[in-house]
Amino acid sequence: MYQVQKRNGKVIDFDITKISDAIKMAFEAQEKNYHPSVIDFLALKVTAEFEPKIKEGLIAVEDIQDSVESVLVQLLCLAFVLAQTRDRSLFFEEYPLVNQCPQNS
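Predicted model, so just to flag it, every value in this text is computed and none were measured.

A. Representation of the packing of aromatic side chains within the structure. Here the structure, examined in full by the defined rule, presents four aromatic pairs. With 5.6 Å between their ring centres and 65° between their planes, Phe27 and Tyr34 make a pair best called edge-to-face. What makes Phe27 buried here is its relative accessible area of 14%. One aromatic cluster is present, formed by Tyr2, Phe14 and Phe50 through successive ring pairs.

B. Molecular detail of the pattern of salt bridges. Overall, the coordinates contain one salt bridge when judged by the stated rule. For Glu62, the salt bridge goes to Arg7, with nearest N and O atoms at 3.5 Å. Of this pair, Glu62 sits in helix H3 (residues 61-82) while Arg7 sits in the loop between strand S1 (3-5) and strand S2 (11-13), and the two are 55 residues apart along the sequence.

Parameters and conventions
- Residues numbered from 1 in each chain as written.
- Predicted model: local features only at pLDDT ≥ 70, side-chain atom pairs only at ≥ 80, totals over all residues.
- Heavy atoms only, no water.
- Phe/Tyr/Trp six-rings, centres within 6.5 Å; stacked < 30°, edge-to-face > 60°.
- Buried < 20%, exposed > 50% of the residue type's maximum accessible area, 1.4 Å probe, protein only.
- Salt bridge = Lys/Arg side-chain N within 4 Å of Asp/Glu carboxyl O.
- Helix = DSSP H or I, 4+ residues; strand = E, 2+ residues; numbered from the N terminus.

Limitation: the analysis is restricted to geometry and does not speak to function.
If you want it as C-alpha cells, here you go:
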C-alpha cells in the first residue's frame with residue numbers, strides 16, 4: 001500500500017475512508033441523498049484517478065484532493081447530460097457548478 005504526504009510534510013498510511021468521508025460531506029453539504037455503494041464506487045474512482053501521480057509509493061494530499069474534486073465534477077457533468085430531457089434552467093439553478101463541465105466552457 002502507498003502513503004500520503006500531508007501539507008506539513010508528515011507521511012501517513014493511505015486510508016480510503018477519508019476519501020469516502022469527504023465525498024459524503026460534499027453530498028450532505030448539498031443536501032443530496034446517496035447510497036453507501038455510490039460513495040464506495042466514487043472513492044474507488046478517485047483512487048484510479050490519482051494512481052498515475054503516485055511516485056515511489058507516495059502521493060501528496062493535494063493530488064488526492066484534486067482527484068476528489070475532478071471525480072465530483074465529472075459526476076455533476078454526467079448528471080447534466082442525463083438531465084437534458086428535463087427543464088435545463090431548473091438544472092442550472094440546482095447545480096450552479098455545472099458551468100465547469102467541458103461542454104459548457
